[in-house]
Amino acid sequence: IEVHYNGSSMANILAMKDIVVLPNVCVLMDSAMELAIKVEFDNKVYKFQQFKDGLYVCDLSSFSPSTKSTDPAKEYSYLQSVSNNLKYYTRTKIEGANNARTLQHEIGWPSTSTYKKIIGRNQIRNTNVTVDDINRAELIYGEAAPLIDGKMVRVHPPNVKIE
């Protein structure tokens, strides 16, 4: 990375695109926690605070970087909820996903790949469900519960009468 550093200058500018490609550098930002960008390098966390004009500034004159272990931004949760997933779609896209799930139920819960083939080949007449609706339903709701449960049922052997 080429950085033009001037020690007597008020500021030096770094481009995010140049920072994120550096080896052993991790860039974190969680705007829900605080308006700051944290750059982890050499087991230190450098915090760039948002300035009033929208630029992010790291004042190194009175700087003592924190260590990685005390950085709360490293604690992640990958939990997704349906209500959270619904926020990313319009009402009509959600209705399409709901219609896709309803139709999948009505035709006996075929696997998602089989269902996409059926819809893609127009094997069901008079339906407005598209493959995109099926994909969207997977993204919003996850895999359908009946598909996770499985379809195999143990066949009970006939009773044997001993005389």
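Residues numbered from 1 in each chain as written. Predicted model: local features only at pLDDT ≥ 70, side-chain atom pairs only at ≥ 80, totals over all residues. Heavy atoms only, no water.

(A) Spatial organisation of the overall build of the chain. Helix and strand counts for the chain stand at 6 helices and 5 strands. Of the regular secondary structure in the chain, the N- to C-terminal order runs α-β-β-β-β-β-α-α-α-α-α. Buried positions account for 21% of the 163 residues belonging to the chain. (Helix = DSSP H or I, 4+ residues; strand = E, 2+ residues; numbered from the N terminus. Buried < 20%, exposed > 50% of the residue type's maximum accessible area, 1.4 Å probe, protein only.)

(B) Inspection of helix α3 (residues 91-106) at higher detail. A rise of 1.5 Å per residue sets the reference length of α3, with its 16 residues, at 22 Å; its end C-alpha atoms lie 22 Å apart and thus fit the reference within 8%. Listed in full, the buried residues belonging to α3 are Ile-94, Gly-96, Ala-97, Ala-100, Arg-101, Leu-103 and Gln-104. Gly-108 sits one or two residues past α3 and shows a positive phi near 95°. (Expected span 1.5 Å × (residues − 1).)

(C) Molecular detail of helix α4 (residues 112-120). Three or more residues of α4 are buried, namely Thr-112, Tyr-115, Ile-118 and Ile-119. For α4, the buried positions fall inside an angular range of 120° around the axis, keeping them on one side. Contacts made by the buried residues of α4 are with α3, α5 (131-141) and α6 (145-149). Looking one or two places after α4, you find Asn-122, whose phi comes out positive at around 55°. (Arc of directions from axis to C-beta. Contact = heavy atoms within 4.5 Å.)

(D) Representation of the pattern of salt bridges in the model. Using the criterion set out here, one finds 6 salt bridges in the structure. In this structure, Arg-101 and Glu-138 form a salt bridge, with 3.2 Å as the shortest nitrogen-oxygen distance. Taken as a pair, Arg-101 in helix α3 and Glu-138 in helix α5 lie far apart in primary sequence, 37 residues in all. For Arg-101, a relative accessible area of 14% corresponds to the buried category. Given the relative accessible area of 23%, Glu-138 is considered partly exposed. Its salt-bridge partner being Asp-133, residue Arg-136 comes within 2.8 Å of it at the nearest N-O pair. Highlighted residues: Arg-136 and Asp-133, both in helix α5, separated by 3 residues, approximately one helical turn. (Salt bridge = Lys/Arg side-chain N within 4 Å of Asp/Glu carboxyl O.)

(E) Summary view of unusual backbone geometry. One non-glycine residue with positive phi stands out, namely Asn-24, at about 65°. Along the chain, the position of Asn-24 falls in the loop between α1 (16-19) and β1 (25-28). One non-glycine residue, Asn-126, adopts positive backbone phi at about 55°. As for its placement among the helices and strands, Asn-126 is situated in the loop between α4 and α5.

(F) Structural view of a nonpolar patch on the surface. Judged by side-chain polarity, Met-16, Val-20 and Val-21 come together as a nonpolar surface patch covering roughly 280 Å² of accessible area. Within the element layout of this structure, Val-21 appears in the loop between α1 and β1. Overall, the relative accessible area of 63% leaves Val-21 in the exposed class. (Patch = residues over 30% accessible without salt bridge, like charges linked within 9 Å, V, L, I, M, F, W, Y side chains within 5 Å. Areas by Shrake-Rupley, 256 points an atom, 1.4 Å probe, with all protein chains shown as cover.)

(G) Structural detail: the packing of α4 against α5. The N-to-C vectors of α4 and α5 enclose an angle of 155°; their axes lie 9 Å apart at closest approach. In this view, α4 runs roughly antiparallel relative to α5, as classed from their interaxial angle. Of the residues in α5, those touching α4 at Thr-112, Tyr-115, Lys-116, Ile-119 and Gly-120 are Val-131, Ile-134, Asn-135 and Glu-138. Considering only residue class, the contact of α4 with α5 consists of 4 nonpolar, 3 polar and 2 charged. (Axes fitted to C-alpha atoms, helices over the stretch in contact; angles between N-to-C directions. Parallel < 35°, antiparallel > 145°, perpendicular 65-115°, else oblique. Nonpolar A, V, L, I, M, F, W, Y, C, P; charged D, E, K, R; others polar.)

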